[in-house]
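If you want the building blocks of each chain, they are given just below.
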Amino acid sequence: MKIWTSIFFSVFFLSLTAWAEYQTPSFKMKVGYSNLSLQVGERVTSETLGSVMTLQPGIMWDLTTFRSRVGIHFLTDVVSKFGQMPISGIGVSGAFYISKISSAYEYSNDGVLQQRTKAGFYINGSLTPVNVNLNRAAELNPDKNDLSVAAMVIDFMGGVGFDYPMGSNFILSGELNLRVGSNQSSGAQTKNLSYSGMTFFISFLTTYY
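The notes below deal with the structure included here.

1. Description of the overall build of the protein chain
Next up, step 1: For the protein chain, the count of helices and strands is 1 helix and 11 strands.
Next up, step 2: The order of α-helices and β-strands along the protein chain, N terminus first, is α-β-β-β-β-β-β-β-β-β-β-β.
Next up, step 3: Sorting the 209 residues of the protein chain into buried and exposed places 41% on the buried side.
Next up, step 4: Taking the contacts inside the protein chain whose residues are at least 6 apart along the sequence as the reference set, 65% of them involve residues at least 24 apart.
Next up, step 5: Within the structure as shown, the protein chain displays about 11100 Å² of accessible surface, and the carbon and sulfur contribution to it stands at 64%.

2. Remarks on the environment of Met60
Next up, step 1: Relative to the elements of secondary structure, Met60 occurs in strand E3 (residues 53-63).
Next up, step 2: When the C-alpha atoms of Met60 and Thr24 are compared, they prove to be 9.1 Å apart, with 36 residues separating the residues in sequence.
Next up, step 3: In this view, Met60 contacts Pro25, Ser26, Lys28, Arg69, Val70, Gly71, Ser93 and Gly94; residues no more than four positions away in its chain are not counted.

3. Structural notes on the packing of aromatic side chains
Next up, step 1: In total, this model carries 4 aromatic pairs according to the counting rule given.
Next up, step 2: Here the aromatic rings of Tyr97 and Tyr122 are separated by 5.2 Å at their centres, their planes lie at 45°, and the arrangement is tilted. Linking Tyr97 in strand E5 (residues 87-97) with Tyr122 in strand E8 (residues 120-136), this pair joins segments that are 25 residues apart in sequence.
Next up, step 3: Joined through ring pairs, the aromatic side chains of Phe27, Phe170 and Phe204 make up one cluster.

4. Re the pairing of strand E9 (residues 147-167)
Next up, step 1: Sheet topology note: the E8/E9 ladder contains 17 bridges and is antiparallel. In the strand pairing of E9, Arg136 is matched with Leu147.
Next up, step 2: Sheet analysis places E9 next to strand E10 (residues 170-183), joined by 13 bridges and oriented antiparallel. Counterpart to Tyr164 in the pairing with E10 is Leu172.
Next up, step 3: In sequence, E9 turns back onto E10 through a hairpin of 2 residues.

5. Points about the nonpolar core
Next up, step 1: Core analysis: the largest hydrophobic core is formed by 19 residues, its most contacted members being Val132, Leu134 and Tyr195.
Next up, step 2: Of all the secondary structure elements, the ones that give two or more residues to this core are strand E1 (26-40), E8, E9 and strand E11 (193-207).
Next up, step 3: At 5 residues, E9 tops the list of elements feeding residues into this core.
Next up, step 4: Those residues in contact with Tyr195, other than ones at most four positions away along the chain, are Leu36, Ser37, Leu38, Ile87, Val130, Val132, Val153, Asp155, Arg179, Val180 and Gly181.

6. Here's the deal with the side chain of Ser88
Next up, step 1: Position of Ser88 relative to the elements: it lies in strand E5.
Next up, step 2: With sequence-adjacent residues up to four places away left out, Ser88 is seen in contact with Phe74, Leu75, Thr76, Val130 and Asn131.

7. Structural notes on the side chain of Ser203
Next up, step 1: Tracing the backbone through its elements, the reader meets Ser203 in strand E11.
Next up, step 2: The exposure class of Ser203 is buried, given its relative accessible area of 2%.
Next up, step 3: In this structure Ser203 touches Lys28, Met29, Lys30, Ile171, Leu172 and Ser173, once residues within four positions along its chain are discounted.

8. Overview of empty space enclosed by the protein
Next up, step 1: This model, assessed by the stated rule, comprises 1 cavity of 30 Å³ or more.
Next up, step 2: Volume-wise, the largest cavity comes out at about 60 Å³.
Next up, step 3: Looking at the largest cavity, the residues that line it are Lys28, Lys30, Gln56, Pro57, Gly58, Ile59, Met60, Ile72, His73 and Ser93.
Next up, step 4: It is E3 that contributes the most residues to the lining of the largest cavity, 5 residues altogether.
Next up, step 5: Class assignment of the residues belonging to the lining of the largest cavity gives a composition of 4 nonpolar, 4 polar and 2 charged.

The rules behind each value
Residues numbered from 1 in each chain as written. Predicted model: local features only at pLDDT ≥ 70, side-chain atom pairs only at ≥ 80, totals over all residues. Heavy atoms only, no water. Helix = DSSP H or I, 4+ residues; strand = E, 2+ residues; numbered from the N terminus. Buried < 20%, exposed > 50% of the residue type's maximum accessible area, 1.4 Å probe, protein only. Contact = heavy atoms within 4.5 Å. Areas by Shrake-Rupley, 256 points an atom, 1.4 Å probe, with all protein chains shown as cover. Phe/Tyr/Trp six-rings, centres within 6.5 Å; stacked < 30°, edge-to-face > 60°. Pairing = 2+ DSSP bridges. Core = buried A, V, L, I, M, F, W, Y, C linked by side-chain atoms within 4.5 Å. 1 Å grid on protein atoms, 1.4 Å probe; cavity = no way out; pocket = protein on both sides within 12 Å on 5 of 7 lines; lining within 4 Å. Points joined across faces, edges and corners; volume = space filled by probe spheres on them. Nonpolar A, V, L, I, M, F, W, Y, C, P; charged D, E, K, R; others polar.

This is the structure in structure tokens:
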């Protein structure tokens with residue numbers, strides 16, 4: 001599994017490098033909230049992560065022909081009862097637009113470059129290898145022992161969103177995603193670490209052309 005994951009990311013990043021030579025990427029900032037339920041062996045069972053905010057800044061490239069955007073991002077949950085940054089990592093993401101991509105540059109018949117914008121729904125997905133660090137003082141745990149867990153987890157999000165162009169280079173979006181992550185380990189404290197829940201994002205995308 002680790003070999004195929006490495007191959008996938010290598011091919012993806014090489015493809016992004018090739019596309020970057022021909023177009024300017026867009027910056028997308030997602031700000032939201034994740035209602036994640038945690039399971040860590042027998043020590044943490046069905047507890048909420050309790051993070052204040054989920055952030056996912058990234059850069060994306062348009063694939064107008066395929067009505068899609070693809071890119072790379074940083075994903076993190078901040079300020080929870082298990083630490084200041086319990087989940088963080090870098091991954092890949094993409095969006096497929098059901099009708100047309102919300103913003104694209106096109107050449108008219110007379111050779112003039114112009115921008116076309118269109119509001120619409122899209123299907124969103126992301127894959128992120130994240131580092132999960134859970135820490136909690138002994139007095140806050142049922143067994144009265146300190147909790148300190150560190151594990152590598154594959155975080156997957158998938159859902160739907162809606163783009164609404166607010167201007168020539170500013171697109172406002174709303175997203176609702178199902179988010180899951182899990183890890184299998186032989187360690188006593190990290191065995192069967194998993195989480196799942198819904199994530200809601202408000203985001204904006206901007207491009208300098």
